[in-house]
Amino acid sequence: MSDDWNMPEGNLMAGKRGIVMGVANQNSIAWGISRQLAAQGAEIAFTYQGEGLERRVRPLIESIGMDTMIPADVTDDESMDAAFAAIKDKWGTIDFLVHSIAFAGKDELMGSMVEKTSREGFRRAMDISVYSFIDCARRGAELMPNGGAMLCMTYLGAERTIPSYNVMGVAKAALEASTRYAARDLGKQGIRVNAISAGAMRTLSLAGIRGGKSLMGTGREWSLLKEDTKMEGVAGAALYLLSDIGLSITGEIVHVDAGFHAVGVPEPTE
Ligand code: NAD
């Protein structure tokens, strides 16, 4: 991530507390979002998967003045019970939740979707990348008696076919539908639920997709803005959706991809 990010500081999130799930390193989308939320006064508890990540992520969160890190593997109910109990003990209630988690096996993320998708691989991708959001929405809503906002991360592969994205595209389509259903269920409790559809960004997750890097090149070349998706833009949209300037917005999928989603056919080269 570029360090020349001119991050807007302010108090849009002052007095708000929430959970960010999915920081693995300094390139994670969840980390970009966290920096922006913290710069606007948010207090954040981070969940992480596995001890290795604890060591890598702790210095990051300390650099923005936070200290709460709680282990949580979204495939493990006991671990999720313990994580949400720890947050309840700490704060009682929360105002926001960010889910920035996905996984599919490397074998599933190459070649033919029809040939490569095993029953177990499908189950795993859907469990980690979709069910976990539904589970977090239920657990998070219990901690939001006064309303709040939730956010998850999706990609254009939910709407269009993208080479090698395969079962993850199917999972993202289900995640987008889950966003709308969760928004319906939780709306009466004053909880808004939205998703950001980000363009391809250089993270660990992108590296897991065969030809993932070329998605960035194509994005740059074809996009309306002729540039990479900027973390600043994704984090700014997250701030908008999670703060009170995003009031009345729910069940929405916001594209932050330099306009890539709006392209039907790229410009002719001659
Ligand atoms: P990342 O690898 O930094 O983040 C993925 C996170 O998922 C990691 O922190 C990892 O620990 C977590 N995770 C995986 N399995 C887990 C489990 N069982 N329990 C708990 N956590 C688990 O990559 P990223 O690109 O920042 O991905 C974040 C989100 O953004 C994902 O939903 C991804 O699909 C989405 N997204 C990424 C891009 C991109 O181009 N990088 C574009 C659009 C959307």
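Heads up: the structure comes first, above all this text.
What counts, and where the lines are drawn
- Residues numbered from 1 in each chain as written.
- Predicted model: local features only at pLDDT ≥ 70, side-chain atom pairs only at ≥ 80, totals over all residues.
- Heavy atoms only, no water.
- Helix = DSSP H or I, 4+ residues; strand = E, 2+ residues; numbered from the N terminus.
- Rg over C-alpha atoms; globule rule 2.2 N^0.38 Å.
- Buried < 20%, exposed > 50% of the residue type's maximum accessible area, 1.4 Å probe, protein only.
- Contact = heavy atoms within 4.5 Å.
- Areas by Shrake-Rupley, 256 points an atom, 1.4 Å probe, with all protein chains shown as cover.
- Polar contact = N/O pair within 3.5 Å; in protein donor to acceptor, adjacent residues only side chain to side chain.
- Near = heavy atom within 4 Å.
- 1 Å grid on protein atoms, 1.4 Å probe; cavity = no way out; pocket = protein on both sides within 12 Å on 5 of 7 lines; lining within 4 Å.
- Sits in = over half its atoms within 2 Å of the grid points.
- Salt bridge = Lys/Arg side-chain N within 4 Å of Asp/Glu carboxyl O.
- Expected span 1.5 Å × (residues − 1).
- Bend = angle between axes of the 7 residues up to and from the residue.
- Core = buried A, V, L, I, M, F, W, Y, C linked by side-chain atoms within 4.5 Å.
- Pairing = 2+ DSSP bridges.
- Axes fitted to C-alpha atoms, helices over the stretch in contact; angles between N-to-C directions.
- Points joined across faces, edges and corners; volume = space filled by probe spheres on them.
- Nonpolar A, V, L, I, M, F, W, Y, C, P; charged D, E, K, R; others polar.

Brief notes about the overall build of the protein
So, point 1. Scanning the protein for helices and strands turns up nine helices and seven strands.
So, point 2. Taking 2.2 N^0.38 as the reference for a compact globule, 270 residues should give roughly 18 Å; the C-alpha atoms of the protein span a radius of gyration of 18 Å, in line with that estimate.
So, point 3. When its C-alpha atoms are laid out on the principal axes, the protein stretches across 60 × 45 × 40 Å.
So, point 4. Put simply, the protein has 270 residues, and 52% of those count as buried.
So, point 5. A sequence separation of at least 24 residues applies to 76% of the contacts in the protein between residues at least 6 apart.
So, point 6. Of the accessible surface of the protein, which amounts to about 12900 Å², a share of 51% is contributed by carbon and sulfur atoms.

Considerations on the environment of Asp73
So, point 1. Its place among the elements puts Asp73 in the loop between β3 (68-71) and α3 (77-91).
So, point 2. With relative accessibility at 27%, the residue Asp73 sits in the partly exposed group.
So, point 3. Separated by 53 residues in the primary sequence, Asp73 and Met126 have C-alpha atoms spaced 15 Å apart.
So, point 4. One polar contact links Asp73 to Thr75, side chain to side chain, over a distance of 2.7 Å.

Focus on the site of the ligand
So, point 1. Around the ligand there are 27 residues in total, and Ser28, Lys172, Met201, Thr203 and Ser205 lie nearest to it.
So, point 2. A distance of 3.2 Å separates an oxygen atom of the ligand from a polar atom in the side chain of Gln49.
So, point 3. Asp73 places a side-chain nitrogen or oxygen 3.0 Å from a nitrogen atom of the ligand.
So, point 4. In isolation the ligand offers 820 Å² of accessible surface; the protein chains occlude 93% of this area.
So, point 5. According to the grid-proximity analysis, the pocket containing the ligand is the largest pocket.
So, point 6. Ranked by residues supplied to the shell around the ligand, first place goes to helix α7 (residues 204-207) with three residues.

Describing the pattern of salt bridges
So, point 1. If you walk through the whole model with that rule in mind, you get 12 salt bridges.
So, point 2. As a salt-bridge pair, Asp244 and Lys16 come within 3.3 Å of each other at their nearest N and O atoms. On the criterion of sequence distance, the pair formed by Asp244 in the loop between α9 (231-242) and β7 (253-256) and Lys16 in the segment before β1 (17-21) is long-range, its members being 228 residues apart.
So, point 3. Exposure remark for Asp244: the relative accessible area of 46% places this residue in the partly exposed category.
So, point 4. Its relative accessible area of 15% is what places Lys16 among the buried residues.
So, point 5. Salt bridges sharing common partners tie together Asp81, Asp135, Arg138 and Arg139.

A word on helix α5 (residues 119-142)
Two residues of an α-helix separated by three or four positions point the same way, owing to the 3.6 residues in each turn.
So, point 1. Compared with the 34 Å implied by 1.5 Å per residue over 24 residues, the 33 Å span of α5 between its first and last C-alpha is a close match.
So, point 2. Where α5 bends most, at Asp127, the angle is about 40 degrees.

Some points on the nonpolar core
So, point 1. Leu37, Ile44, Phe46, Phe96 and Ile196 are the most contacted members of the largest nonpolar core, which totals 41 residues.
So, point 2. Broken down by element, the residue count for this core peaks at eight residues, all from α9.
So, point 3. Ignoring sequence-local partners within four residues, the contact set of Ile44 consists of Gly18, Val20, Ser34, Leu37, Ala38, Met66, Thr68, Trp91 and Phe96.
So, point 4. With 31 residues, the next largest nonpolar core counts Ala83, Trp91, Cys136 and Ala195 among its residues.

Details of the sheet that holds β3
So, point 1. What the seven strands build is an open sheet, ordered β3-β2-β1-β4-β5-β6-β7; its pairing is parallel. Looking along the sheet, the strands with just one partner apiece sit at the ends: β3 and β7. Each strand of the sheet is rotated relative to its neighbour by a mean of 20 degrees, with strand direction disregarded.
So, point 2. Sheet topology places β1 next to strand β4 (residues 96-99); four bridges connect them, and they run parallel. Bridge pairing links Ile19 to Leu97 in β4.
So, point 3. Taken strand by strand, helix α2 (residues 51-63) contacts β2 (43-48) and β3, and its axis lies near 160 degrees from that of β3.

Focus on the layout of surface pockets
So, point 1. Approximately 1000 Å³ is the volume found for the largest pocket.
So, point 2. The wall of the largest pocket is formed by 41 residues, among which Ser100, Ile101, Ala102, Phe103 and Ser205 lie closest to the centre.
So, point 3. Per-element accounting of the lining of the largest pocket gives the leading share, three residues, to α7.
So, point 4. A class-by-class count of the residues in the lining of the largest pocket yields 25 nonpolar, 12 polar and four charged.
So, point 5. Contributing to the lining of the second largest pocket are 27 residues, with Ile162, Leu215, Thr218, Trp222 and Phe260 lying nearest its centre.
So, point 6. Here the lining of the second largest pocket is built from residues that sort into 11 nonpolar, 10 polar and six charged.

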